[in-house]
Amino acid sequence: MEELQPTKKIWFDGKFVPWDEAKVHVLTHGLHYGYAIFEGIRANSTPKGPAIFRLKEHIKRLMAGAKAYRMQIPYTEDQLIQGCLNLVKENGLNDCYVRPIVFSSYGEMGVNAGKNKITGAIAAWEWGSYLGDEGMEKGIRCTVSSWARIDPRTLPPHAKCSANYANSILAKMDALSAGYDEAIMLTVGGLVAEGSGENIFRVKDGILSTPTKTAGVLEGITRDSVIQIAKDNGIPFREEDFIREDMFTADELFFCGTAANVTPIREVDNRVIGNGKFPVTRKIQQTYLDAIHGKIAKYEPWLSYASTPAIYTSEKA
Ligand code: PMP
């Protein structure tokens, strides 16, 4: 994994501060109990300059996660949207990852610290494809994790709460130490849920499917984009839960996510998926990459140009 490369500024409670000065106290409540909600967003180079992909949807998901977790964010959606756009511009970035986070600050300790100030920060830096360029090209090797995906009775799975990611960390570390590239997590009931940081899709007999939201998956924005792309390209699609065995017998499997883009899965637990070719995945991958880079006019409403933040309003998104 490549090391984080600092950029110039970080949006910190509404102000731009130098990268090295965006600091918090070690007794920050959110650090101790994982009480933080974040987003993972990408800006991509387009012929009209850097454009953030589906920014409004990402910020809406942040707000929804905060609601589930009873967190009062002291910023409006528009302030966070503007913050992301201005930050990309301020740092002179093109292709980058944008990470907004809101968290419970220093103040009271103990599990319930509802009176603590909620701090907001947004950072942006250059970050290549999470599962690697080679993975995107040739596909990756996965294993089914012995860790189940968090159950909806344990934590709200649709929220990108930092605490939820202890589950992903365990699954990912175990998969890597066993020599695989990524983990696939099942629900406690044995349905396929998702990767440690990606949604999963299956192709069988020409039909594309992905687990339902009630399987406790994160409602991925790339997942939603892939579904739209499939529909627009006449690829039959249904939201449908499936089990481990359905992965072994799939014609194609792939992961998708903001960090991972669209990455084919070549093997699951040492079984080669299909015949090792991914024609449907490839079509979706290419269309997705073209869409995020502003090459498909139809998908332009998904883009917010960082070079013109002043004219951006949520109504126009
Ligand atoms: N599942 C999990 C657990 C994730 O962390 C992510 C990344 N945010 C995804 C799925 C994919 O979501 P998105 O397409 O919105 O990045």
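A quick note: this is a predicted structure, and the numbers were derived from the prediction, not measured. (Residues numbered from 1 in each chain as written. Predicted model: local features only at pLDDT ≥ 70, side-chain atom pairs only at ≥ 80, totals over all residues. Heavy atoms only, no water.)

Q: Describe the site of the ligand, and please don't skip the residues or the numbers.
A: Taken together, the neighbourhood of the ligand is formed by 14 residues, with K160, Y165, E194, T222 and T258 sitting nearest. Between a nitrogen atom of the ligand and a side-chain N or O atom of E194, the distance comes to 2.6 Å. In this structure, an oxygen atom belonging to the ligand sits 2.5 Å away from a side-chain N or O atom of T222. For the ligand, whose accessible area on its own is 390 Å², the fraction buried by protein is 96%. Grouping the amino acids of the shell around the ligand by side-chain chemistry returns 3 nonpolar, 7 polar and 4 charged. (Near = heavy atom within 4 Å. Polar contact = N/O pair within 3.5 Å; in protein donor to acceptor, adjacent residues only side chain to side chain. Areas by Shrake-Rupley, 256 points an atom, 1.4 Å probe, with all protein chains shown as cover. Nonpolar A, V, L, I, M, F, W, Y, C, P; charged D, E, K, R; others polar.)

Q: Before we move on, can you summarise the pattern of salt bridges with the specific residues and values?
A: In the structure shown here, the tally under the stated rule is 16 salt bridges. Across the pair R149 and E194 runs a salt bridge whose closest N-O atoms are separated by 2.9 Å. Remark: E194 occurs in strand β10 (residues 192-195) and R149 occurs in the loop between β8 (140-144) and α5 (165-177); sequence separation between them is 45 residues. The exposure class assigned to E194 is buried, which follows from its relative accessible area of 3%. (Salt bridge = Lys/Arg side-chain N within 4 Å of Asp/Glu carboxyl O. Helix = DSSP H or I, 4+ residues; strand = E, 2+ residues; numbered from the N terminus. Buried < 20%, exposed > 50% of the residue type's maximum accessible area, 1.4 Å probe, protein only.)

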